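Here is what each chain is made of, one letter per residue.
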Amino acid sequence: MYPTDGIMKRNSLLLMFVLSLISVSFLSSSNVNNIDNSISNDFVPHTNSFSPKLAGNPHNETELQLFFDDLLENQLIDYTLPGITLSVVNATDILYLKGYGYANIEESKAVSPTSTMFRIASTSKLFTWTAVMQLYEQSLLDLDENINNYLTEFKIPMKYGPITMYDLMSHSPGFEDYFFLTGSINKKITLSLEDYLIEYMPKCVRSPGEVSSYSNYGVSLAGYIVGEISGKPFPQYVEEEILIPLGMDYSTFLNSLPSVLEENLVTEYSIDKQSNLLPATSLDPYNLEYDPAGSLKTTALDISYFMRAHLNNGSFGSNRILEEATVQEMHNRHFSHHPNLDGFAHGFFELTINGKRILTHGGSVSYTRSELMLIPEEQIGFFISYNAYHIDPVYTVFYEFMDHFYPGVPVSRLEPDPNFKQTGKKFTGNFRYTRGPYNTPAVINYLIEYKHVSIDKEGYLVVSGFKYVQVEELLFREPEYDFYLAFKEDAEGKITHMFYSHVSANALEKLTGADNPPIAWSICITIVVIILASLIYIPIRRKIKREEKYIPDTEIERYTKLATQYTGWGIIGFVVLYGGFSVILLVSEAVFPVTRALLVIPYILVFSLLVLIGLTAFLWINKQGSINIRVNATIIAIVAIVFMWWMVHWRLIGFFYA
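Only a predicted model underlies this, so the values are computations on that prediction, with no experimental measurement involved. All residue numbers refer to position in the chain's written sequence, counted from 1. The predicted origin of the model limits local features to residues at a pLDDT of at least 70 and limits the giving and counting of side-chain atom pairs to 80 or more, whereas totals for whole chains, interfaces and linings rest on all residues. Derived side-chain values reflect all non-hydrogen atoms in the structure, with water molecules and hydrogen atoms excluded from consideration.

Next up on the list: the overall build of the protein. Going along the chain from the N terminus, every DSSP run of H or I of four or more residues is numbered as a helix, and every run of E of two or more is numbered as a strand. Helix and strand counts for the protein come out as 20 helices and 21 strands. Exposure categories follow from relative accessible area, calculated using a 1.4 Å probe and restricted to protein chains: below 20% of the type maximum is buried, above 50% is exposed, and the middle band is partly exposed. Expressed as a percentage of the 658 residues in the protein, the buried residues total 57%. Pairs at least 24 residues apart make up 69% of the contacts formed inside the protein by residues separated by at least 6 positions. Only the protein chains shown count as cover for residues, with accessible areas throughout obtained via the Shrake-Rupley method and a probe of 1.4 Å. Summed over all atoms, the accessible surface of the protein reaches about 26800 Å², with 55% contributed by carbon and sulfur. Contacts were defined at the residue level, with two residues in contact if any of their heavy atoms lie within 4.5 Å.

This brings us to the sheet that holds strand S19 (residues 484-489). Note on pairing: two strands pair once DSSP finds at least 2 bridges between them. The antiparallel closed barrel is built from 8 strands, whose spatial order is S14-S15-S16-S17-S18-S19-S20-S21. Taken pair by pair, the neighbouring strands of this sheet meet at an average axis angle of 30 degrees, ignoring direction. Both strand S17 (residues 466-472) and strand S18 (residues 475-477) contribute to a ladder of 3 bridges, which runs antiparallel. Note on S18: the bridge partner recorded for glutamine 470 is phenylalanine 476. Fitted lines through C-alpha atoms give the axes, limited to the stretch in contact for helices. The angle between two N-to-C directions lies from 0 to 180 degrees.

Here we take up helix H8 (residues 234-246). Multiply 1.5 Å by the residue count of a helix minus one, and that product is the helix's expected span. Given a rise of 1.5 Å per residue, 13 residues ought to cover 18 Å, and the 17 Å separating the end C-alpha atoms of H8 matches this to within 8%. Within H8 the residues assigned to the buried category are Phe234, Pro235, Tyr237, Val238, Ile242, Leu243, Pro245 and Leu246. Where H8 is buried, its residues contact helix H4 (125-137), helix H7 (216-230), helix H10 (291-294), helix H11 (300-311), strand S8 (315-316) and strand S9 (319-320). Positive phi shows up at glycine 247, right after H8, with a value of about 70 degrees.

What follows concerns H7. Between its first and last C-alpha, H7 extends 21 Å over 15 residues, near the 21 Å set by a 1.5 Å rise per residue. Listed as buried for H7 are Asn216, Tyr217, Gly218, Val219, Ser220, Leu221, Ala222, Gly223, Tyr224, Ile225, Val226 and Gly227. Contacts made by the buried residues of H7 are with H4, helix H5 (165-169), helix H6 (193-199), H8 and H10. Phi turns positive one or two residues past the end of H7, at glycine 231, with a value near 80 degrees.

Attention now moves to the sheet that holds strand S10 (residues 349-353). If you trace the 7 strands from one edge of the open sheet to the other, you get S3-S2-S1-S13-S12-S11-S10, paired in antiparallel fashion. Two strands bound the open sheet, and with one partner strand each, they are strand S3 (109-110) and S10. The pairing of strand S12 (residues 368-375) with strand S13 (residues 380-386) spans 7 bridges and is antiparallel. Across the sheet, methionine 373 pairs through a bridge with phenylalanine 382, a residue of S13.

Coordinates in, geometry out; function isn't part of it.
Here's what the structure looks like:
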C-alpha cells in the first residue's frame, strides 16, 4: 500500500487529469466551471483504513462488502451524494451487487441495484461499439472502409482524407467539436438522429488518425451507420441484438421510456450553496438527439450482464453477443499517442493503475456520473453510478479498489537533469486542447483556456503546477508515480503536440504565432491603446493648451471625424462588451441570444471602417481638412484594419457558422 500522503498526492495528480478531460469533453462550459470549482474546493481523497493483510481477494463477497460499505457509505456523507448503484463481476458470476442511499429522497425510495435505472451517459458508447463489432464479425462492416460508403442520405466532407470506422472508434476522425447545440434546448422539439448529424455536422480540421479528440458526433455517426447497415433504428438494433440476448430487461436507449420502466428511473439531484440536495427540475438537453453517444438508461444488475459477456469472450449463459476472436480484437490496443501512454482498444479507454491494464469508459451529464471498468487480466468487472454530479468521486473509488485488491509497487523517485533547463526549451510554451471549436466565434475561448509548459530552476518540466522528469527524448514521468507526459514533434524537430497518459481521448496542440494567447492579447491590447491614444490625444492637448475647439470646414471633413470616432470607440466598446462574455462563450451561441446578437457589431464596424477609408482617402487626395483630422483618421483606419484581421482570425467576423 502507498502511504497516506502518497495516496493523496497521486490522487491529486489523477484529479488534475480527470478535470482536464472533463473540461473539454462531457459538459458545456458553464456546467464544467461549476464542477471544477466544487471539486477544487471540496475534494478530499478518501483513504481507507484496511491493513495490508486484509487486502486480497476481489472474488470474495465478504471482502467486497466490507470494502464498499466503508468507502461508499462514507462518500454519501462526505460528498453529500443522494445515491449510488454498484456491481462487481467476474466472467461467470455477480460477485457483489448493491445500492446505497436514495433513488428518490423525498419519497424515501432506496436505490435498488436490480431495478433502479440510472442514465449512464457516455458509458452508453460501449454498446454502440459492441454493435459495430457485431456487424464487423458478420462482414457487413469494414473498419478500414471510408464511412461515406455506408452513408446514403448525406456525406461527410473529408478535407484531409477518408475517415474510417477505426478512426471513429479511437475518436480520431479529425472533427472539431462545438460543445453547444448538442441537444434541443426545448426537449419537446427534438431532431431525428439523421437530422442532427446533418444539421450539426462538424468540419474536419486535421488528418484522420493523427490525434484522438473526444467526439460525441463521431460516435453518433457510428451508431447511425449501424442503423443504415442493419436497416433498423439504432435503439431497436441494440435492444434486439444486445439488450434482449443479455436479459437486460431494465435497459433502453429510448428517450421516451415505456410506462413499465418510467417509474424505475432514478431522480437526479443538484446541490445548492448550503449543500442541500435538490431534485433536478429539468434534465439537461444533452443526449436527446445523439442516442448512440449517451442515451442508455440501465441498472447495476443489467450492466453486470454486459460486463460478464465481455469478460467471458462474448458469451453470457446460452447466448452470445460476440465471437471470441471479435472480443479479443475489440479489447486489443489499436491506438495510442505514444507507446508508453494509455490508448484505445476499440471504443474502450485504456487506464493503467498499479501496473494493471484496465479497459474503461465513463459517462457524465449535469446530474449523473457513471463508470465501467474491466480488468481482463484478472477477469474482474466493476460498474458504479451516481445520481448527482456536483463532485467526481469515481476515480477515488477506482484507486481505493486497486490499492486494496491489487496493490502496486512504488516506483523509484526521479531527479531532473540540471542541463534540461537548456536542452528542454523546445518543450516550453502554451498548448490548447484539440477538442473544441475551430470555425466558430467560440474559438476565442482559447485565449483564456490553455496550458502553460515551463521549466523551473531545478530542471523539472512544469505543467499546471505538476512536475515531470524527462525519461526519453519525448517522454516525461512524474517524479514519484507512473503518470506520464509525451510530446510529438514534426520533421523539423519542432514540438507540435502534448499528451497526458491518463487522458487518451484528447491531445493538446502547441500554439504559435497569432494563435498563441500572449501574442494575441498583445495585438488586441496594442490596438486598444493606439485607438484610445488617438481618440483622446487632441481633446487632451486642446484642454492643456486651452485651444479653441476645431470646427471642420467641410461636410466631408465633419463626416470623416464622425467616422473616425464611431470606428474607434466602436472597437473599444466591442472589446470591453464582448470580453465580458468570453467565459460563457462556449454555450452562448446556443442559449444566450444577447451574446449572439453582439456578433452583429463586427459587421457594423466593417461598414464604418469602409466609410472611414473612403473619406480619409478623399481628404488626402484632395488635400482637404486639417492635418490632425487626416492623420488621426489614417491611424484609426490602419489600426482598425489590423483589428478586423484579428477578428477574422478569431472567428468573430466571417461566415463561419449558421
